[in-house]
Amino acid sequence: KRFLAFSISTVIIVASIFTAVFVFLVLPLFWHTIRSITKPLALLVAGAGKLSKGDSDFTGMDREELAALKGRSDELGDVARAFSGVTEYLRTNAAVAEAVSQGNMQVEVFIASDFDRLGKSINNMVEKLNTFLTQTFPQLPDKTVSYGDSWTHSSSFTEHNDDAVFTIDLKH
């Protein structure tokens, strides 16, 4: 009986030691590992939500956390860098669209690949607008089709074509 009592007390002591090691070492390590995955994923989800609403500046998000996430050397870092590339692509196309909306028809459209429907569509839009302007208003000097920082002249005229009236007022 004494041997059995010694064995049971030894088992209880050893089990207590293993439990303490588990609670104080393994659980914090497990918690840290889980947080190192869930926190970056939550950041990516929040960024995707902002981007889906047109906020490519990620207003209100911590820039340092975003930069740290892109600096990771694991799969989450890969996703963050790919996400950053998508964001930059959208910002570039938004800048092109903004330039066209301001009258700049000589913008360079970036087409990322053969699969880039947005880039190709924007490029097609610019080409069609240029064709429309040069065919509809051939008397305009070439610089009015595309004006930029170097053009300081301002033109204004009205063209009557059947029942339609086209008014162009180009100012820089």
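Up top you'll find the structure we're talking about.
Residues numbered from 1 in each chain as written. Predicted model: local features only at pLDDT ≥ 70, side-chain atom pairs only at ≥ 80, totals over all residues. Heavy atoms only, no water.

What follows concerns helix α3 (residues 75–101). For α3, built from 27 residues, the straight-helix expectation of 39 Å at 1.5 Å per residue is met to within 8% by its first-to-last C-alpha distance of 39 Å. Looking only at α3, the buried set comprises L76, G77, A80, T87, Y89, N93, V96 and V100. Regarding α3, its N-cap is D74, as a side-chain oxygen of that residue lies 3.3 Å from the backbone nitrogen of L76 further along. Following α3 by one or two positions, G103 has its phi on the positive side, about 100 degrees. (Helix = DSSP H or I, 4+ residues; strand = E, 2+ residues; numbered from the N terminus. Expected span 1.5 Å × (residues − 1). Buried < 20%, exposed > 50% of the residue type's maximum accessible area, 1.4 Å probe, protein only. Polar contact = N/O pair within 3.5 Å; in protein donor to acceptor, adjacent residues only side chain to side chain.)

Within the secondary structure, D55 is located in the loop between α1 (2–52) and α2 (63–70). In this structure, D55 is buried with no salt-bridge partner, the nearest side chain bearing the opposite charge being K50 at 4.1 Å. Within the structure, D55 has its side chain in polar contact with the backbone nitrogen of F58 (distance 3.0 Å). (Lys, Arg positive; Asp, Glu negative; His and termini not counted. Salt bridge = Lys/Arg side-chain N within 4 Å of Asp/Glu carboxyl O.)

Looking now at the packing of α3 against helix α4 (residues 117–136). At their nearest, the axes of α3 and α4 sit 11 Å apart, and the two run at 10 degrees to each other. In terms of orientation, α3 and α4 fall into the roughly parallel class. Contact with α3, carried on its side by Y89, L90, N93, V96 and V100, involves L118, G119, I122, M125, V126 and L129 of α4 and no other residues of that element. Across the contact of α3 with α4, the residue classes tally to 9 nonpolar, 2 polar and no charged. (Axes fitted to C-alpha atoms, helices over the stretch in contact; angles between N-to-C directions. Parallel < 35°, antiparallel > 145°, perpendicular 65-115°, else oblique. Contact = heavy atoms within 4.5 Å. Nonpolar A, V, L, I, M, F, W, Y, C, P; charged D, E, K, R; others polar.)

We now examine the pattern of salt bridges. Under the criterion given, the structure shown has 4 salt bridges. With a closest N to O distance of 2.5 Å, D78 and R81 form a salt bridge. Highlighted residues: D78 and R81, both in helix α3, separated by 3 residues, approximately one helical turn. As a salt-bridge pair, R91 and E88 come within 3.9 Å of each other at their nearest N and O atoms. Linking R91 with E88, this pair stays in helix α3, spanning 3 residues, or about one helical turn. Relative accessible area serves as the criterion here: at 29%, R91 is assigned to the partly exposed category.

Aromatic ring pairs: the centre-centre distance and the angle between the two ring planes describe each pair. Inspection of every chain in the model, using the stated rule, returns 1 aromatic pair. Ring centres of F58 and F83 lie 5.9 Å apart, and the angle between their planes is 40 degrees; this geometry places the pair in the tilted category. Highlighted residues: F58 in the loop between α1 and α2 and F83 in helix α3, separated in sequence by 25 residues. The class of F58 is buried, set by a relative accessible area of 7%. For F83, a relative accessible area of 21% translates into the label partly exposed. (Phe/Tyr/Trp six-rings, centres within 6.5 Å; stacked < 30°, edge-to-face > 60°.)

So, to be careful, I would describe these as geometric facts and stop short of saying anything about function.
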